[in-house]
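Observations on the three-dimensional arrangement
So the chains spell out like this:
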Amino acid sequence: MKILIVGSGGREHAIAVSVAKSPKAEKIYCAPGNAGIGQIAECVPIGAMEFDKLIDFAKEKQIDLTIIGMDDPLVGGLTDQMEAAGLRVFGPRKNAAILEGSKAFSKDLMKKYHIPTAAYENFDDPQKALAYLETAPMPVVLKADGLALGKGVLICETLEEARAGVKTIMEDKKFGSAGNRMVIEEFMTGREVSVLSFVDGRTIKIMSSAQDHKRALDGDQGLNTGGMGNFSPSPFYTEEVDAFCKKYIYQATVDAMAAEGRPFKGVIFFGLMLTDKGPRVLEYNARFGDPEAQVVLPRMKNDMIEVVEACIDGTLDQIDLEFEDNAAVCVVLASEGYPVAYEKGFPIKGLEKFDGKEGYYCFHAGTKLTDQGIVTNGGRVLGVTATGATLKEARANAYEATQWVTFENKYMRTDIGKAIDEV
Ligand code: AMP
Ligand code: GLY
(Lines give C-alpha, C1' and ligand atoms only; values in the text may rest on other atoms or scores of the structure.)
(Ligands and ions follow the chains in the order given, each with its own letter.)
Protein backbone atom coordinates (compact mmCIF):
# COMPACT_ATOMS: atom_id res chain seq x y z
CA MET A 1 0.00 0.00 0.00
CA LYS A 2 0.98 3.60 -0.55
CA ILE A 3 0.42 5.70 2.55
CA LEU A 4 0.41 9.45 3.06
CA ILE A 5 0.83 10.89 6.57
CA VAL A 6 -0.19 14.54 7.10
CA GLY A 7 1.80 16.51 9.70
CA SER A 8 5.37 17.32 10.68
CA GLY A 9 5.92 16.64 14.38
CA GLY A 10 7.22 13.93 16.68
CA ARG A 11 3.74 12.41 16.67
CA GLU A 12 3.81 12.00 12.88
CA HIS A 13 7.30 10.49 13.12
CA ALA A 14 5.99 7.94 15.64
CA ILE A 15 3.03 7.19 13.35
CA ALA A 16 5.42 6.76 10.41
CA VAL A 17 7.65 4.36 12.39
CA SER A 18 4.59 2.28 13.32
CA VAL A 19 3.27 2.27 9.76
CA ALA A 20 6.70 1.31 8.39
CA LYS A 21 6.68 -1.83 10.56
CA SER A 22 3.61 -3.12 8.72
CA PRO A 23 4.30 -5.59 5.91
CA LYS A 24 1.47 -3.84 4.05
CA ALA A 25 3.41 -0.59 3.72
CA GLU A 26 5.18 -0.41 0.36
CA LYS A 27 5.82 3.32 0.22
CA ILE A 28 5.25 6.08 2.78
CA TYR A 29 4.93 9.77 1.99
CA CYS A 30 4.66 12.55 4.55
CA ALA A 31 3.42 16.12 4.01
CA PRO A 32 5.30 18.16 4.99
CA GLY A 33 7.28 15.86 7.35
CA ASN A 34 10.69 16.63 8.87
CA ALA A 35 14.29 15.41 8.67
CA GLY A 36 13.69 12.29 10.78
CA ILE A 37 10.53 11.28 8.96
CA GLY A 38 12.53 11.77 5.75
CA GLN A 39 14.70 8.81 6.71
CA ILE A 40 11.78 6.36 6.43
CA ALA A 41 9.35 8.23 4.18
CA GLU A 42 9.46 10.58 1.23
CA CYS A 43 8.66 14.08 2.49
CA VAL A 44 6.71 16.35 0.16
CA PRO A 45 6.67 20.12 0.65
CA ILE A 46 2.90 20.51 1.03
CA GLY A 47 1.51 22.12 4.19
CA ALA A 48 -1.13 20.34 6.26
CA MET A 49 -3.69 23.06 5.47
CA GLU A 50 -3.10 23.02 1.69
CA PHE A 51 -6.09 20.76 1.07
CA ASP A 52 -6.24 21.07 -2.74
CA LYS A 53 -2.55 20.30 -3.13
CA LEU A 54 -2.80 17.33 -0.75
CA ILE A 55 -5.74 15.93 -2.71
CA ASP A 56 -4.00 16.42 -6.08
CA PHE A 57 -0.88 14.75 -4.70
CA ALA A 58 -2.81 11.79 -3.26
CA LYS A 59 -4.64 11.26 -6.54
CA GLU A 60 -1.50 11.57 -8.65
CA LYS A 61 0.46 9.09 -6.51
CA GLN A 62 -2.58 6.81 -6.14
CA ILE A 63 -2.33 6.87 -2.36
CA ASP A 64 -4.27 3.98 -0.79
CA LEU A 65 -4.53 5.44 2.69
CA THR A 66 -4.02 8.90 4.20
CA ILE A 67 -3.46 9.24 7.96
CA ILE A 68 -4.02 12.76 9.30
CA GLY A 69 -1.99 13.37 12.46
CA MET A 70 -2.73 17.02 13.24
CA ASP A 71 -5.79 18.73 14.69
CA ASP A 72 -6.05 21.77 12.38
CA PRO A 73 -6.69 19.89 9.12
CA LEU A 74 -9.11 17.53 10.88
CA VAL A 75 -11.12 20.38 12.38
CA GLY A 76 -10.93 22.17 9.00
CA GLY A 77 -12.50 19.20 7.17
CA LEU A 78 -9.60 17.61 5.27
CA THR A 79 -11.12 14.16 5.79
CA ASP A 80 -14.42 15.24 4.20
CA GLN A 81 -12.69 16.81 1.21
CA MET A 82 -10.41 13.83 0.62
CA GLU A 83 -13.33 11.42 0.91
CA ALA A 84 -15.31 13.50 -1.57
CA ALA A 85 -12.39 13.09 -3.96
CA GLY A 86 -12.66 9.30 -3.57
CA LEU A 87 -9.68 8.88 -1.24
CA ARG A 88 -9.45 6.62 1.81
CA VAL A 89 -8.67 8.57 4.97
CA PHE A 90 -8.05 7.87 8.66
CA GLY A 91 -9.25 10.71 10.89
CA PRO A 92 -12.64 12.10 11.91
CA ARG A 93 -14.80 14.15 9.58
CA LYS A 94 -15.32 17.82 10.36
CA ASN A 95 -18.63 17.25 12.13
CA ALA A 96 -16.91 14.80 14.53
CA ALA A 97 -13.55 16.59 14.90
CA ILE A 98 -15.59 19.37 16.55
CA LEU A 99 -15.15 17.23 19.69
CA GLU A 100 -11.72 18.89 19.84
CA GLY A 101 -12.45 21.97 17.74
CA SER A 102 -15.04 23.45 20.11
CA LYS A 103 -14.77 23.18 23.86
CA ALA A 104 -18.30 24.59 24.18
CA PHE A 105 -19.58 21.76 21.97
CA SER A 106 -17.74 19.08 23.94
CA LYS A 107 -18.94 20.46 27.28
CA ASP A 108 -22.55 20.55 26.07
CA LEU A 109 -22.21 16.99 24.76
CA MET A 110 -20.90 15.77 28.11
CA LYS A 111 -23.71 17.54 29.98
CA LYS A 112 -26.42 16.16 27.69
CA TYR A 113 -25.12 12.58 27.93
CA HIS A 114 -24.13 12.67 31.62
CA ILE A 115 -20.40 12.14 31.00
CA PRO A 116 -18.48 13.23 34.11
CA THR A 117 -16.67 16.55 33.67
CA ALA A 118 -16.16 19.86 35.50
CA ALA A 119 -19.25 22.08 36.00
CA TYR A 120 -19.24 24.97 33.47
CA GLU A 121 -21.08 27.67 31.55
CA ASN A 122 -20.53 28.76 27.92
CA PHE A 123 -20.41 32.44 26.92
CA ASP A 124 -20.37 34.37 23.67
CA ASP A 125 -20.76 37.76 25.34
CA PRO A 126 -17.89 39.07 27.52
CA GLN A 127 -20.31 41.14 29.67
CA LYS A 128 -22.26 38.03 30.61
CA ALA A 129 -19.01 36.20 31.36
CA LEU A 130 -17.91 39.03 33.67
CA ALA A 131 -21.27 39.06 35.44
CA TYR A 132 -21.08 35.28 35.97
CA LEU A 133 -17.60 35.58 37.50
CA GLU A 134 -18.90 37.85 40.29
CA THR A 135 -20.38 34.85 42.09
CA ALA A 136 -18.14 32.07 40.77
CA PRO A 137 -15.90 30.29 43.30
CA MET A 138 -12.13 30.85 42.78
CA PRO A 139 -9.87 29.51 41.37
CA VAL A 140 -11.75 29.28 38.11
CA VAL A 141 -10.74 27.99 34.68
CA LEU A 142 -11.28 30.02 31.49
CA LYS A 143 -11.05 28.26 28.13
CA ALA A 144 -11.12 29.75 24.65
CA ASP A 145 -13.64 27.69 22.66
CA GLY A 146 -11.52 26.90 19.60
CA LEU A 147 -8.07 25.51 18.80
CA ALA A 148 -5.27 27.52 20.44
CA LEU A 149 -2.22 25.22 20.32
CA GLY A 150 -3.05 23.99 23.82
CA LYS A 151 -2.54 27.51 25.18
CA GLY A 152 -6.12 28.79 25.39
CA VAL A 153 -6.68 27.66 28.99
CA LEU A 154 -6.24 30.16 31.85
CA ILE A 155 -6.35 29.08 35.47
CA CYS A 156 -7.29 32.16 37.51
CA GLU A 157 -6.73 32.33 41.26
CA THR A 158 -8.61 35.58 41.89
CA LEU A 159 -11.57 37.51 40.54
CA GLU A 160 -9.15 40.15 39.26
CA GLU A 161 -7.19 37.61 37.27
CA ALA A 162 -10.38 36.09 35.92
CA ARG A 163 -11.70 39.47 34.77
CA ALA A 164 -8.39 40.08 33.00
CA GLY A 165 -8.63 36.61 31.47
CA VAL A 166 -12.04 37.34 29.93
CA LYS A 167 -10.53 40.43 28.35
CA THR A 168 -7.51 38.48 27.07
CA ILE A 169 -9.63 35.78 25.47
CA MET A 170 -12.78 37.58 24.29
CA GLU A 171 -11.78 41.21 23.78
CA ASP A 172 -8.05 41.29 23.02
CA LYS A 173 -8.50 38.00 21.12
CA LYS A 174 -5.10 36.72 22.17
CA PHE A 175 -6.05 33.31 20.75
CA GLY A 176 -7.73 34.78 17.67
CA SER A 177 -11.21 33.63 16.69
CA ALA A 178 -10.80 30.69 19.11
CA GLY A 179 -11.90 33.27 21.70
CA ASN A 180 -15.20 34.26 20.06
CA ARG A 181 -16.76 31.92 22.57
CA MET A 182 -15.50 30.85 25.96
CA VAL A 183 -16.09 28.20 28.59
CA ILE A 184 -15.88 29.08 32.29
CA GLU A 185 -15.26 25.96 34.28
CA GLU A 186 -14.99 24.72 37.84
CA PHE A 187 -11.35 24.24 38.97
CA MET A 188 -10.58 20.63 39.82
CA THR A 189 -7.53 19.00 41.38
CA GLY A 190 -6.02 15.58 40.83
CA ARG A 191 -3.54 13.69 38.77
CA GLU A 192 -3.87 13.87 34.99
CA VAL A 193 -3.87 10.87 32.67
CA SER A 194 -3.98 10.74 28.87
CA VAL A 195 -5.89 7.86 27.31
CA LEU A 196 -5.81 7.36 23.55
CA SER A 197 -8.33 5.15 21.78
CA PHE A 198 -9.17 3.86 18.32
CA VAL A 199 -12.81 4.36 17.29
CA ASP A 200 -14.72 3.10 14.23
CA GLY A 201 -17.94 5.06 14.73
CA ARG A 202 -19.43 2.42 17.05
CA THR A 203 -16.68 0.40 18.73
CA ILE A 204 -13.92 1.89 20.87
CA LYS A 205 -10.64 0.19 21.80
CA ILE A 206 -8.49 1.80 24.46
CA MET A 207 -4.71 2.05 24.10
CA SER A 208 -2.28 1.94 27.03
CA SER A 209 -2.43 5.04 29.27
CA ALA A 210 0.18 7.82 29.47
CA GLN A 211 1.05 10.85 31.56
CA ASP A 212 2.17 14.11 29.99
CA HIS A 213 4.34 16.90 31.47
CA LYS A 214 2.98 20.13 30.03
CA ARG A 215 4.99 22.75 31.90
CA ALA A 216 8.33 23.97 30.58
CA LEU A 217 10.38 23.68 33.80
CA ASP A 218 11.18 21.03 36.38
CA GLY A 219 8.69 20.63 39.21
CA ASP A 220 5.81 21.55 36.86
CA GLN A 221 6.85 25.19 36.92
CA GLY A 222 6.91 27.67 34.05
CA LEU A 223 4.67 28.07 31.06
CA ASN A 224 2.45 25.46 29.45
CA THR A 225 4.03 23.84 26.39
CA GLY A 226 2.92 21.28 23.82
CA GLY A 227 4.42 18.66 26.18
CA MET A 228 7.99 18.21 27.51
CA GLY A 229 7.91 14.45 27.90
CA ASN A 230 5.77 11.63 29.19
CA PHE A 231 5.56 8.01 30.21
CA SER A 232 3.37 5.01 29.55
CA PRO A 233 1.63 3.24 31.18
CA SER A 234 0.49 5.50 34.02
CA PRO A 235 0.64 3.55 37.31
CA PHE A 236 -2.18 5.80 38.54
CA TYR A 237 -4.50 4.46 35.85
CA THR A 238 -5.65 1.56 38.02
CA GLU A 239 -8.17 -1.17 37.22
CA GLU A 240 -10.70 0.76 39.25
CA VAL A 241 -10.15 3.91 37.19
CA ASP A 242 -10.32 1.87 33.98
CA ALA A 243 -13.61 0.26 35.05
CA PHE A 244 -15.13 3.66 35.89
CA CYS A 245 -14.07 5.17 32.55
CA LYS A 246 -15.35 2.17 30.61
CA LYS A 247 -18.70 2.47 32.36
CA TYR A 248 -19.23 6.23 32.23
CA ILE A 249 -16.84 7.85 29.73
CA TYR A 250 -15.44 5.93 26.73
CA GLN A 251 -18.38 4.14 25.12
CA ALA A 252 -20.69 6.91 26.36
CA THR A 253 -18.72 9.45 24.30
CA VAL A 254 -18.75 7.32 21.15
CA ASP A 255 -22.48 6.62 21.54
CA ALA A 256 -23.20 10.31 22.18
CA MET A 257 -21.41 11.33 18.98
CA ALA A 258 -23.30 8.68 16.99
CA ALA A 259 -26.61 9.78 18.53
CA GLU A 260 -25.87 13.37 17.48
CA GLY A 261 -25.39 12.24 13.87
CA ARG A 262 -21.63 12.80 14.15
CA PRO A 263 -20.15 9.28 14.12
CA PHE A 264 -16.51 9.48 15.18
CA LYS A 265 -13.91 7.45 13.27
CA GLY A 266 -10.30 7.94 14.23
CA VAL A 267 -8.46 8.51 17.49
CA ILE A 268 -10.18 10.01 20.52
CA PHE A 269 -7.74 11.30 23.12
CA PHE A 270 -9.33 11.54 26.56
CA GLY A 271 -7.59 14.06 28.82
CA LEU A 272 -8.69 12.84 32.26
CA MET A 273 -8.28 14.17 35.77
CA LEU A 274 -8.44 11.65 38.61
CA THR A 275 -10.31 13.69 41.22
CA ASP A 276 -11.36 12.51 44.68
CA LYS A 277 -14.86 12.15 43.27
CA GLY A 278 -13.61 9.89 40.47
CA PRO A 279 -12.25 10.44 36.95
CA ARG A 280 -13.47 13.52 35.07
CA VAL A 281 -12.95 14.51 31.43
CA LEU A 282 -10.77 17.63 31.15
CA GLU A 283 -10.78 17.68 27.37
CA TYR A 284 -11.12 15.62 24.24
CA ASN A 285 -8.72 15.65 21.30
CA ALA A 286 -9.56 14.17 17.93
CA ARG A 287 -6.09 12.75 17.19
CA PHE A 288 -3.06 11.09 18.77
CA GLY A 289 -1.34 13.17 21.45
CA ASP A 290 2.09 14.63 20.93
CA PRO A 291 4.20 13.27 22.72
CA GLU A 292 1.71 10.58 23.84
CA ALA A 293 2.07 8.81 20.47
CA GLN A 294 5.83 8.64 21.08
CA VAL A 295 5.40 6.41 24.17
CA VAL A 296 2.19 4.54 23.33
CA LEU A 297 2.80 3.48 19.70
CA PRO A 298 6.25 1.93 20.30
CA ARG A 299 4.52 -0.38 22.82
CA MET A 300 1.67 -1.42 20.49
CA LYS A 301 1.98 -4.97 19.13
CA ASN A 302 -0.70 -4.68 16.43
CA ASP A 303 -0.15 -3.90 12.78
CA MET A 304 -0.95 -0.18 12.65
CA ILE A 305 -2.40 -0.36 9.14
CA GLU A 306 -4.75 -3.19 10.10
CA VAL A 307 -6.09 -1.22 13.06
CA VAL A 308 -6.49 1.98 11.06
CA GLU A 309 -8.31 0.15 8.26
CA ALA A 310 -10.62 -1.51 10.80
CA CYS A 311 -11.55 1.97 12.08
CA ILE A 312 -12.38 3.13 8.55
CA ASP A 313 -14.32 -0.04 7.70
CA GLY A 314 -16.24 -0.28 10.98
CA THR A 315 -14.70 -3.63 11.93
CA LEU A 316 -12.74 -2.61 14.99
CA ASP A 317 -14.74 -5.11 17.09
CA GLN A 318 -12.69 -7.83 15.36
CA ILE A 319 -9.35 -6.41 16.51
CA ASP A 320 -7.66 -7.21 19.83
CA LEU A 321 -5.42 -4.29 20.70
CA GLU A 322 -2.27 -5.56 22.37
CA PHE A 323 0.53 -3.75 24.12
CA GLU A 324 3.93 -4.96 25.27
CA ASP A 325 4.12 -5.70 28.98
CA ASN A 326 6.80 -3.04 29.41
CA ALA A 327 7.07 0.73 29.85
CA ALA A 328 8.27 3.68 27.80
CA VAL A 329 9.50 7.16 28.69
CA CYS A 330 9.92 10.07 26.26
CA VAL A 331 12.06 13.10 27.11
CA VAL A 332 11.67 16.08 24.79
CA LEU A 333 14.87 17.88 23.77
CA ALA A 334 13.82 21.47 23.20
CA SER A 335 15.50 24.73 22.23
CA GLU A 336 16.35 26.84 25.30
CA GLY A 337 13.66 29.53 25.62
CA TYR A 338 10.78 27.39 24.32
CA PRO A 339 7.81 28.08 24.39
CA VAL A 340 8.49 31.84 24.13
CA ALA A 341 11.55 32.77 22.06
CA TYR A 342 14.39 30.58 20.88
CA GLU A 343 17.03 30.37 18.18
CA LYS A 344 17.11 27.64 15.59
CA GLY A 345 19.37 26.41 12.79
CA PHE A 346 21.96 24.68 15.04
CA PRO A 347 23.50 21.42 13.72
CA ILE A 348 22.42 18.28 15.62
CA LYS A 349 25.14 15.72 16.33
CA GLY A 350 24.97 12.08 17.42
CA LEU A 351 21.67 11.06 15.81
CA GLU A 352 23.35 7.97 14.30
CA LYS A 353 23.85 6.57 17.82
CA PHE A 354 20.20 5.46 17.73
CA ASP A 355 20.74 3.32 14.62
CA GLY A 356 20.04 -0.34 15.26
CA LYS A 357 19.44 0.15 19.01
CA GLU A 358 16.32 -1.79 19.82
CA GLY A 359 14.02 -0.12 22.31
CA TYR A 360 15.45 3.36 21.65
CA TYR A 361 13.82 5.94 19.38
CA CYS A 362 14.74 9.46 18.44
CA PHE A 363 11.57 11.05 17.11
CA HIS A 364 12.12 14.28 15.24
CA ALA A 365 9.84 17.27 15.80
CA GLY A 366 11.49 20.59 14.86
CA THR A 367 14.34 19.46 12.59
CA LYS A 368 15.35 20.25 9.03
CA LEU A 369 17.80 18.74 6.56
CA THR A 370 20.17 21.38 5.16
CA ASP A 371 23.54 21.45 3.40
CA GLN A 372 25.18 21.28 6.86
CA GLY A 373 23.20 18.18 7.77
CA ILE A 374 20.24 18.05 10.17
CA VAL A 375 19.67 21.27 12.11
CA THR A 376 17.23 22.45 14.79
CA ASN A 377 14.10 24.02 13.35
CA GLY A 378 11.62 24.50 16.19
CA GLY A 379 10.91 24.75 19.91
CA ARG A 380 10.50 21.05 20.47
CA VAL A 381 13.40 19.53 18.50
CA LEU A 382 13.52 15.80 19.31
CA GLY A 383 11.63 13.30 21.46
CA VAL A 384 13.94 10.65 22.89
CA THR A 385 11.97 7.54 23.81
CA ALA A 386 13.29 4.41 25.48
CA THR A 387 11.50 1.31 26.64
CA GLY A 388 12.35 -0.81 29.67
CA ALA A 389 10.92 -3.65 31.72
CA THR A 390 9.68 -1.13 34.28
CA LEU A 391 9.00 2.61 34.24
CA LYS A 392 12.15 3.23 36.26
CA GLU A 393 14.28 1.26 33.83
CA ALA A 394 12.67 3.03 30.86
CA ARG A 395 13.34 6.40 32.47
CA ALA A 396 17.01 5.57 33.13
CA ASN A 397 17.38 4.37 29.53
CA ALA A 398 15.67 7.47 28.11
CA TYR A 399 17.80 9.90 30.12
CA GLU A 400 20.96 8.01 29.12
CA ALA A 401 19.97 8.32 25.46
CA THR A 402 19.32 12.07 25.79
CA GLN A 403 23.14 12.36 26.16
CA TRP A 404 23.78 10.77 22.78
CA VAL A 405 22.64 13.84 20.88
CA THR A 406 23.98 17.35 21.18
CA PHE A 407 23.10 20.74 19.75
CA GLU A 408 23.63 24.29 20.86
CA ASN A 409 20.91 25.57 23.26
CA LYS A 410 19.65 22.03 23.99
CA TYR A 411 17.17 22.07 26.89
CA MET A 412 15.20 19.34 28.63
CA ARG A 413 13.36 18.74 31.86
CA THR A 414 15.30 16.50 34.25
CA ASP A 415 12.27 15.16 36.12
CA ILE A 416 10.15 13.45 33.47
CA GLY A 417 8.56 10.45 35.16
CA LYS A 418 9.47 11.54 38.68
CA ALA A 419 5.89 10.81 39.77
CA ILE A 420 6.54 7.09 39.35
CA ASP A 421 8.78 7.19 42.43
CA GLU A 422 5.64 7.82 44.47
CA VAL A 423 4.11 4.48 43.51
P1 AMP B 1 -7.15 21.39 28.35
O2 AMP B 1 -6.54 21.97 27.10
O3 AMP B 1 -8.61 21.60 28.48
O4 AMP B 1 -6.72 19.98 28.65
O5 AMP B 1 -6.45 22.21 29.53
C6 AMP B 1 -5.05 22.31 29.63
C7 AMP B 1 -4.62 22.03 31.04
O8 AMP B 1 -5.26 22.95 31.94
C9 AMP B 1 -5.02 20.66 31.54
O10 AMP B 1 -4.09 19.67 31.17
C11 AMP B 1 -5.07 20.89 33.03
O12 AMP B 1 -3.78 20.84 33.59
C13 AMP B 1 -5.57 22.29 33.15
N14 AMP B 1 -7.04 22.31 33.34
C15 AMP B 1 -7.99 22.32 32.37
N16 AMP B 1 -9.22 22.31 32.90
C17 AMP B 1 -9.07 22.29 34.23
C18 AMP B 1 -9.97 22.28 35.34
N19 AMP B 1 -11.29 22.30 35.18
N20 AMP B 1 -9.45 22.25 36.58
C21 AMP B 1 -8.11 22.24 36.77
N22 AMP B 1 -7.20 22.26 35.78
C23 AMP B 1 -7.67 22.29 34.52
N1 GLY C 1 0.23 16.18 24.70
C2 GLY C 1 -1.01 16.84 24.64
C3 GLY C 1 -1.60 16.96 23.31
O4 GLY C 1 -1.17 16.36 22.34
O5 GLY C 1 -2.59 17.66 23.19
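Our subject is the structure that appears above.
In short, a report on the structure.

Definitions and cut-offs
- Residues numbered from 1 in each chain as written.
- Chains lettered and ligands numbered in written order.
- Predicted model: local features only at pLDDT ≥ 70, side-chain atom pairs only at ≥ 80, totals over all residues.
- Heavy atoms only, no water.
- Near = heavy atom within 4 Å.
- Polar contact = N/O pair within 3.5 Å; in protein donor to acceptor, adjacent residues only side chain to side chain.
- Areas by Shrake-Rupley, 256 points an atom, 1.4 Å probe, with all protein chains shown as cover.
- Nonpolar A, V, L, I, M, F, W, Y, C, P; charged D, E, K, R; others polar.
- Helix = DSSP H or I, 4+ residues; strand = E, 2+ residues; numbered from the N terminus.
- 1 Å grid on protein atoms, 1.4 Å probe; cavity = no way out; pocket = protein on both sides within 12 Å on 5 of 7 lines; lining within 4 Å.
- Points joined across faces, edges and corners; volume = space filled by probe spheres on them.
- Phe/Tyr/Trp six-rings, centres within 6.5 Å; stacked < 30°, edge-to-face > 60°.
- Buried < 20%, exposed > 50% of the residue type's maximum accessible area, 1.4 Å probe, protein only.
- Lys NZ or Arg CZ within 6 Å of the ring centre and 35° of its normal.
- Contact = heavy atoms within 4.5 Å.
- Salt bridge = Lys/Arg side-chain N within 4 Å of Asp/Glu carboxyl O.
- Core = buried A, V, L, I, M, F, W, Y, C linked by side-chain atoms within 4.5 Å.

**Quick word on the site of ligand 2**
By nearness alone, every residue bordering ligand 2 is listed as Asp-212, Gly-226, Phe-269, Asn-285, Arg-287, Gly-289, Asp-290, Pro-291 and Glu-292. Within the side chain of Arg-287, one N or O atom sits 3.0 Å away from an oxygen atom of ligand 2. A distance of 2.9 Å separates an oxygen atom of ligand 2 from a polar backbone atom of Asp-290. Relative to its unbound accessible surface of 200 Å², ligand 2 loses 89% to contact with the protein. A class-by-class count of the residues in the shell around ligand 2 yields two nonpolar, three polar and four charged.

**Some words on the site of ligand 1**
Taken together, 15 residues sit near ligand 1, with Glu-185, Glu-186, Met-188, Glu-192 and Glu-283 positioned nearest. At 2.8 Å from a nitrogen atom of ligand 1 is found a main-chain nitrogen or oxygen belonging to Glu-186. Glu-283 is positioned with one of its side-chain polar atoms (N or O) 3.0 Å from an oxygen atom of ligand 1. Going through the elements one at a time, strand E7 (140-144), strand E8 (153-156), strand E9 (182-186) and strand E17 (278-285) are the ones with two or more residues in the shell around ligand 1. Tallied by class, residues from the shell around ligand 1 come to eight nonpolar, no polar and seven charged.

**Here we look at the layout of surface pockets**
The calculated volume of the second largest pocket comes to roughly 440 Å³. Around the second largest pocket sit 19 residues that line it, and His-13, Val-17, Gln-39, Asp-355 and Cys-362 are the ones nearest its centre. When contributions to the lining of the second largest pocket are tallied by element, the ones reaching two or more residues are helix H1 (10-20) and strand E19 (360-364). In terms of residue count, E19 provides more of the lining of the second largest pocket than any other element does, five residues in total.

**Some points on the packing of aromatic side chains**
Using the criterion set out here, one finds eleven aromatic pairs in the structure. Each ring, one from Phe-123 and one from Tyr-132, has its centre 5.2 Å from the other, and the planes form 55°; the classification is tilted. By relative accessible area, Phe-123 is classed as buried at 10%. Cation over ring: Lys-27 sits above Tyr-29, and NZ or CZ is 5.1 Å from the ring centre. In this structure, Lys-357 packs its charged tip against the face of Trp-404, placed 4.7 Å from the ring centre.

**Points about the side chain of Ser-232**
By secondary structure assignment, the location of Ser-232 is in strand E15 (residues 229-232). Polar contacts involving the side chain of Ser-232 include one to the main-chain carbonyl oxygen of Ser-209, which spans 2.7 Å.

**Remarks on the side chain of Thr-402**
Relative to the helices and strands, Thr-402 resides in helix H12 (residues 391-402). Residue Thr-402 is classed as buried on the basis of its relative accessible area of 0%. At 2.5 Å, the side chain of Thr-402 forms a polar contact with the backbone oxygen of Tyr-399. Side chain to side chain, Thr-402 and Gln-403 meet in a polar contact 3.4 Å long. Each residue touching Thr-402, except ones within four places of it in the same chain, is listed here: Val-331, Leu-333, Val-384, Lys-410 and Met-412.

**Focus: the pattern of salt bridges**
Here the structure, examined in full by the defined rule, presents 24 salt bridges. Residue Asp-313 pairs with Arg-88 through a salt bridge whose shortest N-O separation is 3.1 Å. Of this pair, Asp-313 sits in helix H11 (residues 304-313) while Arg-88 is found in the loop between helix H4 (78-84) and strand E5 (89-90), placing the two residues 225 residues apart along the sequence. Taking the relative accessible area as the measure of exposure, Arg-88 reaches 26% and is therefore partly exposed. Among the ionic pairs, Arg-191 bridges to Glu-422, the shortest N-O distance being 2.6 Å. Of the two residues, Arg-191 sits in strand E10 (residues 191-200) while Glu-422 sits in the segment after strand E23 (410-411), which places them 231 residues apart along the sequence. Its relative accessible area of 56% is what places Glu-422 among the exposed residues. Each of Asp-218, Asp-220, Arg-413 and Asp-415 takes part in a single network of salt bridges with overlapping partners.

**Quick notes on the environment of Leu-87**
Inspection of the secondary structure assignment puts Leu-87 in the loop between H4 and E5. Along the sequence, Leu-87 and Ala-58 sit 29 residues apart, while their C-alpha atoms lie 7.7 Å from each other. Setting aside its immediate chain neighbours within four residues, Leu-87 contacts Ile-55, Ala-58, Lys-59, Ile-63 and Met-82.

**What about helix H5 (residues 94-101)?**
The complete set of buried residues in H5 reads Ala-96, Ala-97, Leu-99, Glu-100 and Gly-101. Against helix H3 (71-76), helix H6 (103-112), helix H9 (239-259), strand E16 (265-275) and E17 lie the buried residues of H5.

**Observations regarding the nonpolar core**
Judged by nonpolar contacts, the single largest core of 80 residues is most densely connected at Leu-4, Met-82, Tyr-250, Phe-270, Leu-272 and Leu-382. Residue contacts for Phe-270: discarding those within four places in its chain leaves Val-193, Ser-194, Val-195, Ser-197, Ile-204, Ile-249, Tyr-250, Thr-253, Glu-283 and Tyr-284. Ranked by size, the runner-up nonpolar core spans 42 residues in total, among them Ile-28, Leu-65, Ala-293 and Leu-321.

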